[in-house]
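# A closer look at the structure
Below are the chains, spelled out letter by letter.
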Amino acid sequence: MTVAITARTYQNLIDGEWVDAADGATFERVSPAHDVVVGRYPSAGVVDLDRAVAAARRAFDEGTWPMMPGVERARILNRIAERIRAEADDLAAVEALESGKPVSQARDEILSSADLWEYASTLCRHTYGDTYNTLGSAMFGMVLREPVGVVGMITPWNFPLLIISQKLPFALAVGCTAVVKPAEITPGTTLRMAQMAQDAGLPAGVLNVVTGSGRVIGTPLAAHPDVDMISFTGSTDVGRRVIEASKSNLKKVELELGGKNPQIVFADADLEAALDAVVYGVYFNMGECCNSGSRLLVQESIADEFIAKVVERARTVPVGDPMDPRTKVGAIATDEQFGKILELVDSGRAEGADLLLGGGRMDTDAGRFMEPTIFAGVEPTMRIAREEIFGPVLSVMTFKTAADAARIANSTTFGLSAGVWTKDLDTAIGMSRAIRAGTIWVNTFLEGYPELPFGGYKESGLGREFGRFSIDAFTELKSVQMHLGPRTSWWMPRSGGDAR
Ligand code: NAD
């Protein structure tokens, strides 16, 4: 792997200024594919976090942003989208080097991120409340929709710019201000986006980005008394800790968490299309994907033949250097993550599943790469059927009837998404109703549209992102009751004897 890689040095954005950590501490990121330093970032502490929150608080309480006409906010969001689009190649390179994901895939994600900013800009002008003219001649009711305030955002490493773009532009669109803490291994594109936002005219303090450890600044951000809402994407375990921390001031909480998503293939499906989507669904982003199709449920009558084809196809998936545009599966993000994957693979062997493909680390000169892996003969009770592996590992189970399939699909504590493959309308609609998950894909997988709500049932999350549902997430409702004409006094009995 011969890629000329240079390390980039970043600062944090606090109150419109680019700054180092107050104590000067820094940390580095090493490319998981090349073992070379690719970024240096401030290691922010609580002092830096407090400054960032104070700036966001001031920008919300005293600044222009919350009451700025929607049309002006929309222009700024659109300018940010344009810059993201214009710099897609460079942003993709940063993201691929920090995360290990294929650069061609990263580029698609950067363009999808720009699309999210463009979509959110339309909400700047479509956020409104309600009126009630039905409360009697003496009362006029108004429902004001107001920004929730300062939003803390904590994001994971698997889709760095895409996930912050699922939150930030929507919060900004309705007039919130923000403090963002990206994952410590992939902060580069979030900081670059913050520079673009500043250049686009976002007022100082509206967006603040602090980089550092989840324990050191993530928990204090979730606990901070001056933060009104926390929007978190990451693991279910840390999501629980975020809820715990948020109790301090009972802030609003929105969580996007893990998944153990089934792809359910019925015998009557377009099996060629299903085959492609099963392989894509599990190996996309090295399986480091909340929506990973990590469970395959295949109808018994076609199981042997279909599973054999999945194995054959998975063997041909190009794994390698993320900077090579032909690569489909890049490097595993960290040694810790690799260890977790291998531990779960071992548990699959120990619990008696049949390892049909892979199962180990690839032999490479540099970096950390995992063989595409497939287990068949998996039982729903096994760990590899229940736990999020977050790696390129497929757990295959079989079913007889649609009712069996739904029962197995619902047999984990997660409920993020599912794929259903069938040509039968009754089966498609029946399964869409029966599966307890926030997204159901019918005869497709891993698509996403800013118009449609995204989020999880059960332990996959709390609340929804995207579309008008994001407006709900980032706003509060206020009832204004306006009395018209003379008001009956408290101590005077009303005509008709009503003494309330
Ligand atoms: P993670 O939970 O380890 O970390 C996520 C973020 O939380 C990081 O910024 C981290 O620094 C921070 N953090 C860590 N400990 C913290 C603490 N004690 N208090 C506050 N913040 C803390 O997750 P990850 O490993 O970065 O990402 C992988 C997980 O994210 C997977 O479980 C995946 O399913 C989930 N995910 C979910 C979605 C979704 O939309 N549902 C999308 C992507 C990833």
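Residues numbered from 1 in each chain as written. Predicted model: local features only at pLDDT ≥ 70, side-chain atom pairs only at ≥ 80, totals over all residues. Heavy atoms only, no water.

For the chain, the helix and strand inventory stands at 15 helices and 23 strands. Taking 500 residues into account, the globule formula puts the C-alpha radius of gyration at 23 Å, and the chain, at 25 Å, falls close to it. When its C-alpha atoms are laid out on the principal axes, the chain stretches across 85 × 60 × 35 Å. When the 500 residues of the chain are sorted by exposure, 55% land in the buried category. The contacts in the chain between residues at least 6 apart in sequence include a share of 73% that link residues at least 24 apart. Of the roughly 21100 Å² of accessible surface on the chain, 52% is carried by carbon and sulfur atoms. Averaging the coordinates of the 49 positive side-chain charges in the chain and doing the same for the 64 negative ones gives two points 5 Å apart. (Helix = DSSP H or I, 4+ residues; strand = E, 2+ residues; numbered from the N terminus. Rg over C-alpha atoms; globule rule 2.2 N^0.38 Å. Buried < 20%, exposed > 50% of the residue type's maximum accessible area, 1.4 Å probe, protein only. Contact = heavy atoms within 4.5 Å. Areas by Shrake-Rupley, 256 points an atom, 1.4 Å probe, with all protein chains shown as cover. Lys, Arg positive; Asp, Glu negative; His and termini not counted. Charge placed at Lys NZ, Arg CZ, Asp CG, Glu CD.)

The subject of this paragraph is the domain arrangement of the chain. The assigned domain composition of the chain is domain 1 (8–256 + 467–480) and domain 2 (262–442). One C-alpha centre belongs to domain 1, the other to domain 2, and the line joining them spans 31 Å. Taken together, the contact pairs 22 residues of domain 1 with 25 residues of domain 2. When residues of domain 1 are sorted by the area they lose upon contact with domain 2, P32, P102 and W157 head the list and together hold 26% of the total. The partner of R368 in a salt bridge is D35, with the nearest N and O atoms 3.2 Å apart. Put simply, domain 1 and domain 2 have eleven residue pairs in polar contact (both at pLDDT 80 or more) between them. Of the residues belonging to the side of domain 1 that touches domain 2, the class tally is ten nonpolar, eight polar and four charged. (Domains from an automatic or database assignment. Buried area = accessible area lost by both parts, 1.4 Å probe. Salt bridge = Lys/Arg side-chain N within 4 Å of Asp/Glu carboxyl O. Polar contact = N/O pair within 3.5 Å; in protein donor to acceptor, adjacent residues only side chain to side chain. Nonpolar A, V, L, I, M, F, W, Y, C, P; charged D, E, K, R; others polar.)

A separate point is the packing of aromatic side chains. Counted according to the given criterion, the structure contains ten aromatic pairs. An angle of 70° between the planes, with centres 5.0 Å apart, marks the rings of F266 and F399 as edge-to-face. Separated by 133 residues along the polypeptide, F266 in the loop between β13 (262–265) and α9 (271–283) and F399 in strand β17 (residues 393–399) bring together distant segments of the chain. Among the residues examined, F266 registers a relative accessible area of 5% and is labelled buried. A network of ring pairs unites the aromatic residues Y119, F170, F454 and F466 as a single cluster. Seen from the ring of W65, R73 lies directly overhead, with NZ or CZ sitting 5.7 Å from the centre. Just above the ring of F338 sits the side chain of R361; from NZ or CZ to the centre is 5.0 Å. (Phe/Tyr/Trp six-rings, centres within 6.5 Å; stacked < 30°, edge-to-face > 60°. Lys NZ or Arg CZ within 6 Å of the ring centre and 35° of its normal.)

Looking now at the side chain of E95. Within the secondary structure layout, E95 lies in helix α3 (residues 88–99). One buried charged side chain, E95, makes no salt bridge at all; its nearest oppositely charged neighbour is K101, positioned 4.8 Å away. Reaching out from E95, the side chain makes a polar contact with the side chain of T189 at a distance of 2.5 Å. If we ignore the near neighbours within four places in the chain, the residues touching E95 are G100, K101, A106, E109, I110, F159, P160, L161 and T189.

This part is about the sheet that holds strand β7 (residues 139–147). Taken in spatial order, the three strands make up an open sheet running β6-β7-β23, and their pairing is antiparallel. Sheet topology places β6 (130–132) and β23 (475–483) at the edges, where each strand pairs with a single neighbour. Taken pair by pair, the neighbouring strands of this sheet meet at an average axis angle of 20°, ignoring direction. Relative to β23, β7 is paired through nine bridges, and the arrangement is antiparallel. Each residue of the ladder has a partner; that of F140, found in β23, is M482. (Pairing = 2+ DSSP bridges. Axes fitted to C-alpha atoms, helices over the stretch in contact; angles between N-to-C directions.)

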